[in-house]
Amino acid sequence: MSSLWLLSVLLSVKGGLGDVVGALPKALARRGHRVMVVIPKYGDYAEARDLGVRKRYKVAGQDSEVSYFHSYIDGVDFVFLEAPPFRHRHNDIYGGERPDVLKRMILFCKAAVEVPWYAPCGGTIYGDGNLVFIANDWHTALLPVYLKAYYRDNGLMQYTRSVLVIHNIAHQGRGPVDDFNIMDLPDHYMGHFKLHDPLGGEHNNVFAAGLKMADRVVTVSHGYMWELKTVEGGWGLHDIINQNDWKLDGIVNGIDTAEWNPAVDVHLHSDDYTNYTRDTLDIGKRQCKAALQRELGLQVRDDVPLIGFIGRLDHQKGVDIIAAAMPWITQQDVQLVMLGTGRPDLEDMLRRFEGEHRDKVRGWVGFSVRMAHRITAGADVLLMPSLFEPCGLNQLYAMAYGTVPVVHAVGGLRDTVAPFDPFGGTGLGWTFDRADAGRMIDALGHCLNTYWNYKESWRGLQVRGMSQDLSWDHAAELYENVLVKAKYQW
Ligand code: ADP
C-alpha cells in the first residue's frame, strides 16, 4: 500500500497528546506513509525554514496573514503555521480567554485544511489524492467540519477523509450558541453544534460537530471508549458517541521506546543509577532503587517497598484518594515518593506529607522529567488511582521498567493492567474497581503482601510487564487499520 497521510494536530508538550503528535507520525512514516504534522507556530523553532508562502484567513471579521514554516525530522514533515494570534504562546498553548482560544482554533483549522495545497514539502505539495487528516480533541475538531462544509459538500476533495482522536472528552469547546456565528459555516450546520443542556438552555459544542463530521473516531483505549458511551463518562456527548458507534475504535497509545527504555534511559547514566534489561532486572533495579533512596535522602534499604506516584496534581489523578489513605500507608513499612505539580493546595499537601513523615515520604513538587524517569526505574510499585484516565502513560512506563502498577480500573488503566492471578501466574498488577481509599488500600495491601512473601510471583509480574510490546510501532499498525477503513469503508 503506498499512501499519503496528513496529520493535523496541535502541539502539546506534556502527556499523551504530545506523543501522538511526536511519536505516532514517526511510526507511521516508518511504515511507508508520507506524513505531515501541522502545528501552530507558538514559539521560535530555529530549525524551521520559511517556505515563503503567505495566505490570508478571516476570523470574526479580522484578517490574519498565515506564513508557513517547514522542517523534516525523522521522516516526518513538520509544517508550522505562523500567524499573529499564535505568537509567543510557548507552552501556554491552550491559554487565554475562551473566545480568543476559539478564534485561534478556527484560524488554525481553516488554514490546516488547506495546507496540503499550499505547503511544498521536499519540493512537492501533498495534494488531496490519497489524503487522511487526523485531528485531535476539540481543538482541531473543526477540521473535519470545514473539510465537509467547504469542500466535500461542493464536490471537492472527494477522496480526502478525516479521523478524529478523542484524548480527553472533558474539554469540548463549549460556549454560547452565538459562537456559531464566527465559524463561517452555512446556516444548516448550526444544528450539528447545538446541544441541549440537561438543566435547560442550549450551547454550542465544537467536539459534538467534529464527532459527527469525522469519517472515523479513535479513542485512546477500549475502556475509555466504553465509558464515553455512558451518561457518567460521556460528559454530555454520550448520545452522539452511541449514534456513531459504527465508526469508533479504541487504540491504546504506545510509548516512546527510545526515551522510556531502561536499557538506554539517559537519566540512568549518572549518580549511581544504571541501565538495565529484563536479563539484568534484579541487580539493575536494586541499584536504581538504592540510588533513588540516596538522592531523596531516604533510608537505603532493599527490603522496603518503594511506592511511586507521578502526575498532575489535580482531581483527575486521584491525589485525594492517596491523601485519604495516608494514615494507613504511613503505618506500613514502606517508602512513598510523589512527584507532581498542579493545584497549589495539593502541592502544599505533598510538602506536608513529607514534613510529617520524613522517615518514609517524599513530596517532590515540580516538573522534572529526570526525576520521573528515576522514580519509574527505582520504585517497586507505581500507584495510579486516577478517577478517569483516557489512556495513561505512567502505568505503561512503569511496566516497561519492571515496576508493578496498582491502578483504579478505569479507561486505559483497565485496558493495560490485567489483574494479577496468583493461580494462573498471569496478570500485570493490581486494580481496584471504585475510586476510594478503602479499595485502594485493599489492592495495595495485596500488592505489598506479594512483594514481601511471594518473591517468585513478584518477579513474574515484573518480567511479564517488561516483555510486552508497548511501542508506537505496534500502535501505529492499529492506527493504520483505522486510516485504511476511513479511506475505503464508509
Ligand atoms: P495526562 O496526559 O493526563 O497528564 P498521562 O499519564 O497521559 O497523563 O501523561 C502524563 C505524562 O506526564 C507522563 O509522561 C508523566 O511522566 C508526565 N508527568 C506528569 N507530571 C510530571 C512531573 N511533575 N514531572 C515530570 N513528568 C511528569
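Going by the annotation in an unreviewed UniProt entry, the name recorded for the protein is starch synthase, with Triticum turgidum subsp. durum given as the source organism. Comment text from UniProt for the protein, heading Catalytic activity (unreviewed entry), reads "[(1->4)-alpha-D-glucosyl](n) + ADP-alpha-D-glucose = [(1->4)-alpha-D-glucosyl](n+1) + ADP + H(+)". Taken from UniProt, the Pathway (unreviewed entry) comment for the protein reads in full: "Glycan biosynthesis; starch biosynthesis."

Caption draft 1: Local environment of the environment of A486. In this fold, A486 is placed in helix 17 (residues 472–488). A486 sits 272 residues away from A214 along the chain, and the two C-alpha atoms are 9.1 Å apart.

Caption draft 2: Structural view of the pattern of salt bridges. In this structure the tally under the stated criterion is 32 salt bridges. Close ionic contact of R294 with D272 constitutes a salt bridge, the shortest N to O distance being 3.4 Å. On the criterion of sequence distance, the pair formed by R294 in helix 9 (residues 281–296) and D272 in the loop between strand 12 (248–250) and helix 9 is long-range, its members being 22 residues apart. Residue classification places D272 among the partly exposed residues on the basis of a relative accessible area of 46%. Residues D433 and R439 are paired through a salt bridge, measuring 2.6 Å at the closest nitrogen-oxygen approach. By relative accessible area, which is 57% here, D433 ends up exposed. Each of the salt bridges in this network shares a partner with another, and the network as a whole consists of R56, D63 and E65.

Caption draft 3: Main features of the nonpolar core. One finds Y68 and L81 to be the most contacted residues of the largest nonpolar core, which totals 92 residues. For L81, the contacting residues outside a window of four places in its chain are V38, I39, P40, K41, V66, S67, Y68, F86, F108, A111, A112 and V115. Counting residues in hydrophobic clusters, the runner-up holds 36 residues, among them L382, L396, Y401 and L413.

Caption draft 4: Representation of empty space enclosed by the protein in the model. In total, this model carries one cavity of 30 Å³ or more according to the counting rule given. Looking at the largest cavity, its volume works out to about 30 Å³. Around the largest cavity sit F309, I310, G311, K317, M384, S386, E389 and N394, which together line it. Split by residue class, the lining of the largest cavity holds three nonpolar, three polar and two charged.

Caption draft 5: Examining the sheet that holds strand 10 (residues 202–205) more closely. One open sheet accounts for three strands, arranged 8-10-9; its pairing is antiparallel. With partners counted over all chains shown, the strands left at the sheet margins are strand 8 (174–175) and strand 9 (194–196), one partner each. Bridge count for strand 9 against strand 10 is three bridges, and the pairing is antiparallel. Across the sheet, K194 pairs through a bridge with N204, a residue of strand 10. Across the sheet, helix 6 (residues 206–213) lies against strand 9 and strand 10, angled at about 60° from strand 10, the strand it touches most.

Caption draft 6: Broad picture of helix 17. Counted at 1.5 Å a residue, the expected span for helix 17 with its 17 residues is 24 Å, and the 24 Å between its end C-alpha atoms agrees. Those residues of helix 17 lying buried are W472, A475, A476, Y479, E480, V482, L483, A486 and K487.

Caption draft 7: Representation of the site of the ligand within the structure. Surveying the vicinity of the ligand reveals 19 residues, the closest of which are R312, K317, G366, L393 and N394. One nitrogen or oxygen atom from the side chain of K317 is found 2.9 Å from an oxygen atom belonging to the ligand. Between G366 and the ligand, the recorded distance is 2.8 Å, taken from a backbone N or O atom to a nitrogen atom. Contact with the protein chains covers 88% of the free accessible surface of the ligand, which is 560 Å². Here the residues of the shell around the ligand sort into seven nonpolar, nine polar and three charged.

Caption draft 8: Local environment of the sheet that holds strand 15 (residues 361–365). Read across the open sheet, the six strands follow the order 15-14-13-16-17-18; overall the sheet is parallel. With partners counted over all chains shown, the strands left at the sheet margins are strand 15 and strand 18 (430–432), one partner each. Averaged over all adjacent pairs, the angle separating strand axes in this sheet is 15°, with direction ignored. Examined bridge by bridge, strand 13 (residues 306–310) and strand 16 (residues 381–384) share two bridges and lie parallel to one another. Note that in strand 16 the partner of G308 across the bridge is L382. Contacts from helix 9 reach strand 13, strand 14 (335–340) and strand 15, with the element oriented near 70° to strand 13. Along the sheet, helix 16 (residues 455–466) makes contact with strand 16, strand 17 (404–408) and strand 18, crossing strand 17 at roughly 80°.

Here is what the cut-offs are and how they apply
- Residues numbered from 1 in each chain as written.
- Predicted model: local features only at pLDDT ≥ 70, side-chain atom pairs only at ≥ 80, totals over all residues.
- Heavy atoms only, no water.
- UniProt positions renumbered as here; feature names shortened; annotations may be inferred.
- Helix = DSSP H or I, 4+ residues; strand = E, 2+ residues; numbered from the N terminus.
- Salt bridge = Lys/Arg side-chain N within 4 Å of Asp/Glu carboxyl O.
- Buried < 20%, exposed > 50% of the residue type's maximum accessible area, 1.4 Å probe, protein only.
- Core = buried A, V, L, I, M, F, W, Y, C linked by side-chain atoms within 4.5 Å.
- Contact = heavy atoms within 4.5 Å.
- 1 Å grid on protein atoms, 1.4 Å probe; cavity = no way out; pocket = protein on both sides within 12 Å on 5 of 7 lines; lining within 4 Å.
- Points joined across faces, edges and corners; volume = space filled by probe spheres on them.
- Nonpolar A, V, L, I, M, F, W, Y, C, P; charged D, E, K, R; others polar.
- Pairing = 2+ DSSP bridges.
- Axes fitted to C-alpha atoms, helices over the stretch in contact; angles between N-to-C directions.
- Expected span 1.5 Å × (residues − 1).
- Near = heavy atom within 4 Å.
- Polar contact = N/O pair within 3.5 Å; in protein donor to acceptor, adjacent residues only side chain to side chain.
- Areas by Shrake-Rupley, 256 points an atom, 1.4 Å probe, with all protein chains shown as cover.

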